[in-house]
Amino acid sequence: MTVVVELKTVDDTREFGRRLARVLHAGDLLLLSGPLGAGKTALTQGIGAGLGVRGDITSPTFVIARVHRPDPARGGRVTLVHADAYRLGDAADPRAEIDDLDLDASVDEAVTVVEWGEGMVEQLVDAHLRVRIDRREDDTRVVALEPIGGDWAERLAALD
């Protein structure tokens, strides 16, 4: 069961991320894919706002991964790890580079969002959520959420 949502603006993409955050909990892995500029970081900004984490969420392309701790003043409840595997694809074994990031050390205690991570990080958990974002010429984002195992289908059905 794939859930498809159309979002008219970047702000709608962030708001959808906030709504998605309501069904997320520690141990969740989300794999974001889509072309440059599609809205992967905007969606993650909304997720971070919904989780109540500290710090501005920006693209981790050059630092590879950022950790955003919960902010009790904002109702924070779980850490967000935001990683970008875009630059890792040139390595002979990009999975070895993912191992070097130690994502497996935090995956049980955090919501982990990995941009461009397909084929590299799925082994970290038994179930995950694939999120494909495409942007049309009119800037509408089409977001396809594909649950892979676990209780993802039930949680996606609970999205309002």
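A. Broad picture of the pattern of salt bridges. Tallied over the entire structure, the rule returns eight salt bridges. Between arginine 130 and glutamate 146 there is a salt bridge, with the nearest N and O atoms lying 3.4 Å from each other. Here the residue arginine 130 occupies a position in strand S6 (residues 128-135), and glutamate 146 occupies one in strand S7 (residues 141-148), the gap between them amounting to 16 residues. According to the relative accessible area criterion, arginine 130 is partly exposed, its value standing at 26%. Residue classification places glutamate 146 among the partly exposed residues on the basis of a relative accessible area of 30%. Salt-bridge contacts for aspartate 151 lead to arginine 155; the nearest nitrogen and oxygen are separated by 3.1 Å. Taking relative accessible area as the criterion, aspartate 151 reaches 36% and is therefore assigned partly exposed. Here arginine 155 falls in the buried class, since its relative accessible area comes to 10%. Linked by salt bridges that have partners in common, Asp28, Asp151 and Arg155 make up one network.

Analysis parameters
One numbering rule holds for all chains: residues counted from 1, following each sequence as written. Only residues with pLDDT of at least 70 get local features here, since the model is predicted, and only at 80 or more are side-chain atom pairs given and counted; chain-wide, interface and lining totals rely on the full set of residues. Side-chain numbers come from the whole structure's heavy atoms, not from hydrogens or water. One speaks of a salt bridge when a side-chain nitrogen belonging to Lys or Arg is within 4 Å of a carboxyl oxygen belonging to Asp or Glu. Numbering of helices and strands starts at the N terminus; helices are DSSP runs of H or I of at least 4 residues and strands are runs of E of at least 2. Working definition: with a 1.4 Å probe on protein chains only, accessible area under 20% of the residue-type maximum means buried, over 50% means exposed, and in between means partly exposed.

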